[in-house]
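Next come the chains, spelled out residue by residue.
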Amino acid sequence: MKPVFGVVADDLTGGMETAAMLIAAGIDCAFVTDPELVATIGDIPAIVVAQQNARHPG
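Thresholds applied
- Residues numbered from 1 in each chain as written.
- Predicted model: local features only at pLDDT ≥ 70, side-chain atom pairs only at ≥ 80, totals over all residues.
- Heavy atoms only, no water.
- Pairing = 2+ DSSP bridges.
- Helix = DSSP H or I, 4+ residues; strand = E, 2+ residues; numbered from the N terminus.
- Axes fitted to C-alpha atoms, helices over the stretch in contact; angles between N-to-C directions.
- Expected span 1.5 Å × (residues − 1).
- Buried < 20%, exposed > 50% of the residue type's maximum accessible area, 1.4 Å probe, protein only.
- Arc of directions from axis to C-beta.
- Polar contact = N/O pair within 3.5 Å; in protein donor to acceptor, adjacent residues only side chain to side chain.

**Description of the sheet that holds strand β1 (residues 5-9)**
- An order of β1-β3-β2 is seen for the three strands of this open sheet, with the pairing classed as parallel. Edge positions in the sheet fall to β1 and β2 (29-32), since each has one partner strand and no second. Sheet twist, expressed as the mean angle between neighbouring strand axes with direction ignored, is 15 degrees.
- Looking at chain direction, β1 and strand β3 (residues 46-50) are connected through five bridges and run parallel. Bridge assignment links V8 to a residue of β3, and that residue is V49.

**Some words on helix α1 (residues 12-24)**
- Over its 13 residues, α1 runs 18 Å from end to end, which matches the ideal 18 Å to within 8%, given 1.5 Å per residue.
- Burial in α1 covers these residues: G15, A19 and L22. Viewed end-on, α1 has its buried residues packed into an arc of 60 degrees, placing them on one side of the element. Opposite the packed face of α1, turned more than 90 degrees from it, sit the exposed residues T13, M21 and A24.
- A side-chain oxygen of the first residue of α1 lies 2.7 Å from the backbone nitrogen of G14; this N-cap is D11.
- One or two residues past the end of α1 sits G26, with phi positive at roughly 90 degrees.

This is the structure:
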């Protein structure tokens, strides 16, 4: 099965929280930080790709 739901998070914290909520709801979810790894994920209905793009003051 190919993923049917994908999330691109702008930071690691938001990505991890999103993945945790999906898993808590009973949805198998993969979490990666490298978009190229998406192609290697097998039978998982949801994928979260967390990037380190968020800008933090300071």
